[in-house]
Amino acid sequence: YGGMGLDFSYNIAVAEELGNIRCGGIPMAIGVQAGMTTPALTRFGSDELKKQFLVPTIAGDFVACLGISEAGAGSDVANIKTTAVKKGDEYVINGGKMWTTSGCQADWMCLLANTSEGPPHRNKSLICLPMNLPGIHVAKKIDKLGMRSSDTAQIFFEDVRVPSKNLIGEEGKGFTYQMLQFQEERLWGVATVLTQLETIIQETIDYTRQRKVFDQSVLHNQAVHFHLAELATEVELLRSLLYRTVALYVEGNDVTKFASMAKLKAGRLAREVTDRCLQFWGGMGFTSEVLVSRFYRDLRLMSIGGGTDETMLSIICKYMETLPTK
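Looking up the protein chain in an unreviewed UniProt entry gives the name IVD dehydrogenase, with the organism given as Rynchops niger. The Cofactor (unreviewed entry) field of the UniProt record for the protein chain holds the comment "FAD". Quoted straight from UniProt, the Sequence similarities (unreviewed entry) entry for the protein chain says "Belongs to the acyl-CoA dehydrogenase family."

Shown next, in the form of structure tokens:
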């Protein structure tokens, strides 16, 4: 379908390299295209669907977005209210999606909707939804604290009709498919953050080395260079967790617990590194002229998007409860 046929570790290599872009929005938007909207389609979609949606997405001719979160259901995916009712050979979609990355420019959406009245984890399906259909309303582009180079949309659906053949995989398996997609999304996010945090730490070292306070460089203070050394150590520990998780994933293992741990740690470390380094920049850190202030805003999303810290903790706890007791 136009891809290179490489395993997931290459996605992570690309994500790390994209972390060198001096903002968070562009790596995130590419991640949505490459590893958040397409894994379920790649793994479970029909050949016809792949030719219609996956081929142009891989080629870069289509922009894809992911329709999961709603105003009343962010991390609580099971609580979404959008419906896709089957009528004849079509689904009729009603509801809406919130915080949709690339939603203002997307050609199609990987939509999660309720397709039956059954239990919340078995009544959902993923559907390839062209964004030019009648009844799709992009209500607004959301103004955000950070990630400002990436458009984020609020979208409503009013009696949108889509062919039933646009269903990805089996009806009722959408929640399971999306949980699998989340693993790749979270690992991509961790990989991009790693490089960005390294950049922030190095730029802070360079700045504090030349910035003088009370006739000596800021870096000369033991409290400063010890703290930067600790932050650098934490980044390397996160890298080891990421690489272990990716290796297990490539081997076909369930990495939900480790991916959740990595996502949790990445979000918290992003907050700690950007906050502490911004402090070392002093008044300059509070301006829009330096990278640390941009990452302070952009990377705050790491603890929210793709599942909050609290959601990650809940997942980790569930997996810990399944461990055998000694």
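Kindly report on the overall build of the protein chain, identifying the contributing residues and their values.
Within the protein chain, the secondary structure is distributed over nine helices and 10 strands. For 326 residues, the compact-globule estimate of 2.2 N^0.38 gives 20 Å, and the protein chain sits close to it at 21 Å. Each principal axis of the C-alpha atoms in the protein chain carries an extent, and together these give about 80 × 55 × 40 Å. Classification of the 326 residues of the protein chain by burial places 50% in the buried group. Taking the intrachain contacts of the protein chain between residues at least 6 apart in sequence as the baseline, contacts between residues at least 24 apart amount to 74%. Within the structure as shown, the protein chain displays about 15,700 Å² of accessible surface, and the carbon and sulfur contribution to it stands at 54%. Taking the average location of the 34 positive side-chain charges in the protein chain and that of its 36 negative ones, the two points are 3 Å from each other.

Tell me about a nonpolar patch on the surface, and name the residues and values.
Together, Tyr-1, Val-55 and Ile-58 make up an exposed nonpolar region whose accessible area comes to about 250 Å². If you trace the backbone, Tyr-1 turns up in the segment before α1 (8–18). You can call Tyr-1 partly exposed: its relative accessible area is 44%.

Just give me the short version of the pattern of salt bridges, but keep the residues and values in it.
In this structure the tally under the stated criterion is 15 salt bridges. Of the charged contacts in the structure, one is a salt bridge between Glu-236 and Arg-239, with a shortest N-O distance of 3.4 Å. Of this pair, Glu-236 and Arg-239 both sit in helix α6 (residues 222–250), three residues apart, roughly one helical turn. What makes Glu-236 partly exposed here is its relative accessible area of 39%. Between Asp-298 and Arg-294 there is a salt bridge whose closest N-O contact spans 3.9 Å. Here Arg-294 and Asp-298 lie together in helix α8 (residues 291–298), a separation of four residues that amounts to about one turn. Residue class for Asp-298 comes out buried when judged on its relative accessible area of 2%.

Tell me about the UniProt feature "domain: Acyl-CoA dehydrogenase/oxidase N-terminal" (unreviewed entry) in the protein chain, and name the residues and values.
When the UniProt feature table is mapped onto this chain numbering, "domain: Acyl-CoA dehydrogenase/oxidase N-terminal" (unreviewed entry) sits at residues 1–61. Along residues 1–61 one finds 69% helix and 0% strand; the C-alpha atoms at either end are 13 Å apart.

Summarise the domain arrangement of the protein chain; cite the residues concerned and give the values.
Under the domain assignment, the protein chain is made up of domain 1 (8–169) and domain 2 (176–320). Taking only C-alpha atoms into account, the centre of domain 1 sits 26 Å from that of domain 2. Residue-level contacts link 41 residues of domain 1 with 31 residues of domain 2. Surface buried jointly by domain 1 and domain 2 totals about 3,000 Å² across both partners, of which 65% is contributed by carbon and sulfur atoms. The largest share of the area that domain 1 buries against domain 2 comes from Phe-8, Glu-16 and Arg-22, three residues that together contribute 22% of it.

Reading guide: rules and limits
Throughout this description, residue numbers start from 1 for each chain and increase along the sequence as written. With pLDDT at 70 or above as the cut-off, local features in this predicted model cover only qualifying residues; side-chain atom pairs require 80 or more to be listed or tallied, and sums for whole chains, interfaces and linings still use all residues. Note that water and hydrogens are dropped before the side-chain values are worked out from all heavy atoms of the structure. UniProt positions are given in the numbering used here, feature names are shortened, and annotations may be inferred rather than shown by experiment. A run of H or I in DSSP becomes a helix once it reaches four residues, and a run of E becomes a strand once it reaches two; helices and strands are each numbered from the N terminus. Radius of gyration: C-alpha atoms only; globule rule: 2.2 Å multiplied by the number of residues to the exponent 0.38. Using a 1.4 Å probe on the protein chains alone, a residue whose accessible area is under 20% of its type maximum counts as buried, one over 50% counts as exposed, and one in between counts as partly exposed. Here, residues are in contact when the closest pair of their heavy atoms is within 4.5 Å. Exposure was quantified through the Shrake-Rupley algorithm and a 1.4 Å probe, taking into account, for residues, occlusion by the shown protein chains and nothing else. Only four residue types enter the charge count: Lys and Arg as positive, Asp and Glu as negative, with His and the chain ends excluded. Taken as the charge location is NZ of Lys, CZ of Arg, CG of Asp or CD of Glu. Patch membership requires more than 30% relative accessible area and the absence of a salt bridge. Residues of like charge join within 9 Å; the nonpolar side chains Val, Leu, Ile, Met, Phe, Trp and Tyr join within 5 Å. Note on definitions: salt bridges are taken to be side-chain nitrogens of Lys or Arg within 4 Å of carboxyl oxygens of Asp or Glu. Boundaries between domains were set according to an automatic or database domain assignment. Two parts placed together each lose some accessible area under a 1.4 Å probe, and the buried area is that loss summed for both.

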